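Working through the structure, step by step
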Amino acid sequence: GIVYYGSWPFNAMIGVMALILASEWSRMVDKRAAWMALGVVYIAFACWALWRLRLDPEWGRMTLFWLLAVVWGADTGGFVFGMSLRGPKLAPAISPNKTWSGFVGGTLTAALGGWVVVAYMKGGAGLEIALFSAAIAVVSQAGDLFESWIKRRFGVKDSGAIIPGHGGLFDRVDGLVAAALAAVLVNIGFKGNILAWL
C-alpha cells in the first residue's frame, strides 16, 4: 500500500528501513570501523536507489511493483525449486542450503513475475522485459549470497530478531537492496526508465 501511494509515507518507510538496516549491519560486523563504513555506503545507496526509482511520477509505481515481483519471485522460486529438485549446491561455503536448481528456478520465476507486472501495468510486455527481469533476479540472488557471506564471516546466524522466526530486516531485503542498486544504475545509464524503454 505504501509503495502504491508513494509520497511522504514511502519516504518515511525508506528512512526507517535505512535506520534498521544500519543497526543490524553494525551488529553483524561487530562494529568494526572499516566494515561499518562499507555498510553505511551500501545501505545509503540502496535506500537512495529505492527512493529514486519510486520518485518517477510516470513509471515509479510500476517500477517498484516490478522490482518487488522480481525479488520475491527469485526468493520464492529459489526456495520451491531448490527444495523440490535439490541437486548440486550453488555456494556451499557461503550458503549450504542454496542449490543450482533453486538458482535457475528462482531466476525463471522472477522473469515471469516481472513480465506479468509490466504486461499488466503497461498494457503489454515483450521478451526483453522477461530477460531484464531475469538479469535483475541474478543480482538479487547475489545480494542474498553477499549477506550470507557477511554473516558467515562474522559468525552470525541472523541479521537481527525484528521478525520472529525469520531474523532481521536485512535477512528479508538482502536481495532487494542489491536489485534496487542494479536497476537504478541501469536507469541512469539509459538516462530514463529502462522498463519504459523496453
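Everything in this summary refers to the structure shown in the same document.

Section: the packing of aromatic side chains
- For the coordinates displayed, the defined rule picks out 11 aromatic pairs.
- On the basis of an interplanar angle of 40° and a centroid distance of 5.8 Å, the ring pair of W25 and F170 is categorised as tilted. Of the two residues, W25 sits in helix 2 (residues 7-28) while F170 sits in helix 7 (residues 169-190), which places them 145 residues apart along the sequence.
- Counting every residue linked through ring pairs, the aromatic cluster contains W25, W35, Y42, F146, W149, F154 and F170.
- Above the face of the Y4 ring, R61 is positioned so that its terminal group lies 3.9 Å from the ring centre.
- Between R153 and the ring centre of F154, over which it is positioned, the NZ or CZ distance is 6.0 Å.

Re the nonpolar core
- In terms of nonpolar packing, the biggest core is built from 50 residues, with W25, W66 and L67 touching the most fellow members.
- Those elements giving two or more residues to this core turn out to be helix 2, helix 3 (33-55), helix 4 (60-85), helix 5 (100-122), helix 6 (127-154), helix 7 and helix 8 (194-197).
- The element best represented in this core is helix 7, accounting for 12 residues.
- The contacts of W66, once residues within four sequence positions are left out, are G114, V117, V118, F132, S133, I136, A183 and L195.

Let's talk about the packing of helix 4 against helix 7
- Between helix 4 and helix 7, whose axes approach to 10 Å, the crossing angle comes to 130°. As summarised for this structure, helix 4 and helix 7 are arranged oblique, according to the angle between their axes. As for the relative orientation of helix 4 and helix 7, their crossing is right-handed in sense. For the pair formed by helix 4 and helix 7, the contact residues are W66, L67, L68 and V71 on the first element and G175, L176, A179, A180 and A183 on the second.
- Of the residues assigned to the contact of helix 4 with helix 7, the class counts are eight nonpolar, one polar and no charged.

Description of unusual backbone geometry
- The phi dihedral of R86 falls on the positive side, at around 55°, and the residue is not glycine.
- Positionally, R86 belongs in the loop between helix 4 and strand 1 (89-91).

Points about the pattern of salt bridges
- Inspection of the entire model under this criterion finds three salt bridges.
- Between D171 and K151 there is a salt bridge, with its nearest N and O atoms 2.8 Å apart. Taken as a pair, D171 in helix 7 and K151 in helix 6 lie far apart in primary sequence, 20 residues in all.
- The buried category is assigned to D171, whose relative accessible area is 8%.
- In this structure, D158 and K157 form a salt bridge, with 3.8 Å as the shortest nitrogen-oxygen distance.
- A residue is classified by how much of its surface remains accessible, and D158, at 24% relative accessible area, is partly exposed.
- Given the relative accessible area of 69%, K157 is considered exposed.

The rules behind each value
- Residues numbered from 1 in each chain as written.
- Predicted model: local features only at pLDDT ≥ 70, side-chain atom pairs only at ≥ 80, totals over all residues.
- Heavy atoms only, no water.
- Phe/Tyr/Trp six-rings, centres within 6.5 Å; stacked < 30°, edge-to-face > 60°.
- Helix = DSSP H or I, 4+ residues; strand = E, 2+ residues; numbered from the N terminus.
- Lys NZ or Arg CZ within 6 Å of the ring centre and 35° of its normal.
- Core = buried A, V, L, I, M, F, W, Y, C linked by side-chain atoms within 4.5 Å.
- Buried < 20%, exposed > 50% of the residue type's maximum accessible area, 1.4 Å probe, protein only.
- Contact = heavy atoms within 4.5 Å.
- Axes fitted to C-alpha atoms, helices over the stretch in contact; angles between N-to-C directions.
- Parallel < 35°, antiparallel > 145°, perpendicular 65-115°, else oblique.
- Left-handed = near helix turned anticlockwise from the far one by under 90°.
- Nonpolar A, V, L, I, M, F, W, Y, C, P; charged D, E, K, R; others polar.
- Salt bridge = Lys/Arg side-chain N within 4 Å of Asp/Glu carboxyl O.

All we've got here are geometric facts, nothing functional implied.
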